[in-house]
Amino acid sequence: MILAGDMNLYGRVIADAVSTVSATTGRVLLTVAKEGLNDKLTITAEGTPEKELVQEALLTAYPELTVNIRNGNLLLFIETTVDLSSQIKDVRIIDLR
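Residues numbered from 1 in each chain as written. Predicted model: local features only at pLDDT ≥ 70, side-chain atom pairs only at ≥ 80, totals over all residues. Heavy atoms only, no water.

## Here's the deal with the overall build of the chain
The helix and strand tally for the chain stands at three helices and six strands. Along the chain, helices and strands appear, N-terminal first, in the series β-β-α-β-β-α-α-β-β. Over its C-alpha atoms the chain spans a radius of gyration of 12 Å, differing by no more than 12% from the 13 Å that the globule rule assigns to 97 residues. On the principal axes, the C-alpha backbone points of the chain span a range of 35 × 25 × 20 Å. Taking all 97 residues of the chain together, 40% fall into the buried category. (Helix = DSSP H or I, 4+ residues; strand = E, 2+ residues; numbered from the N terminus. Rg over C-alpha atoms; globule rule 2.2 N^0.38 Å. Buried < 20%, exposed > 50% of the residue type's maximum accessible area, 1.4 Å probe, protein only.)

## Some thoughts on the packing of aromatic side chains
One pass over the structure, following the stated rule, counts zero aromatic pairs. Here the basic side chain of Lys 40 rests over the ring of Phe 77, its NZ or CZ set 4.9 Å away from the ring centre. (Phe/Tyr/Trp six-rings, centres within 6.5 Å; stacked < 30°, edge-to-face > 60°. Lys NZ or Arg CZ within 6 Å of the ring centre and 35° of its normal.)

## As for the pattern of salt bridges
On inspection of all chains with the given rule, the structure shows seven salt bridges. Asp 90 serves as the salt-bridge partner of Arg 12, at 4.0 Å between the closest nitrogen and oxygen. With Arg 12 in helix H1 (residues 11–19) and Asp 90 in the loop between strand S5 (74–81) and strand S6 (91–95), the pair connects residues that are 78 residues apart, well separated along the chain. Residue classification places Arg 12 among the partly exposed residues on the basis of a relative accessible area of 43%. Arg 97 is paired through a salt bridge with Asp 39; the nearest N and O atoms lie 3.4 Å apart. Residue Arg 97 is located in the segment after S6, and its partner Asp 39 is located in strand S4 (residues 38–47); the two are separated by 58 residues in the primary sequence. Residues joined by salt bridges that share partners form a network here, namely Lys 34, Asp 39, Asp 95 and Arg 97. (Salt bridge = Lys/Arg side-chain N within 4 Å of Asp/Glu carboxyl O.)

## Focus: H1
Residues of H1 that are buried: Gly 11, Ile 14, Ala 15, Ala 17 and Val 18. When H1 is viewed along its axis, its buried side chains cluster within an angular range of 160 degrees and face the same direction. Taken together, the buried residues of H1 touch strand S2 (7–9), strand S3 (24–35), S4, helix H2 (51–61) and S6. (Arc of directions from axis to C-beta. Contact = heavy atoms within 4.5 Å.)

## Regarding the nonpolar core
Judged by nonpolar contacts, the single largest core of 24 residues is most densely connected at Leu 9, Ile 14, Val 18, Ile 43 and Leu 58. Sorting the residues of this core by element identifies strand S1 (2–4), S2, H1, S3, S4, H2 and S5 as the ones contributing at least two each. If one sorts the elements of this core by residue count, H1 sits on top with four residues. Those residues in contact with Ile 14, other than ones at most four positions away along the chain, are Leu 9, Val 28, Leu 30, Ile 43, Leu 58 and Tyr 62. (Core = buried A, V, L, I, M, F, W, Y, C linked by side-chain atoms within 4.5 Å.)

In structure tokens form, the structure reads like this:
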């Protein structure tokens, strides 16, 4: 579980949401950092999906994410990469706060 912004986020729920997007393998790297007073969540999905589709899948899994982003409590960034094969599990969480 990740406490980011005003929310409890679960890595497995995020990975399941991202895996529903075509052109993804299901492996996800979640990085949480501080940017000023706000939490910055970067989601790196393995594959070549469109970032907008990944964000839509996340907002479907966590509808309250929209409110946290709009309020400025959470900064959300979506990235894609071709290879996360060094990652043994499907979900890896890095907390840099």
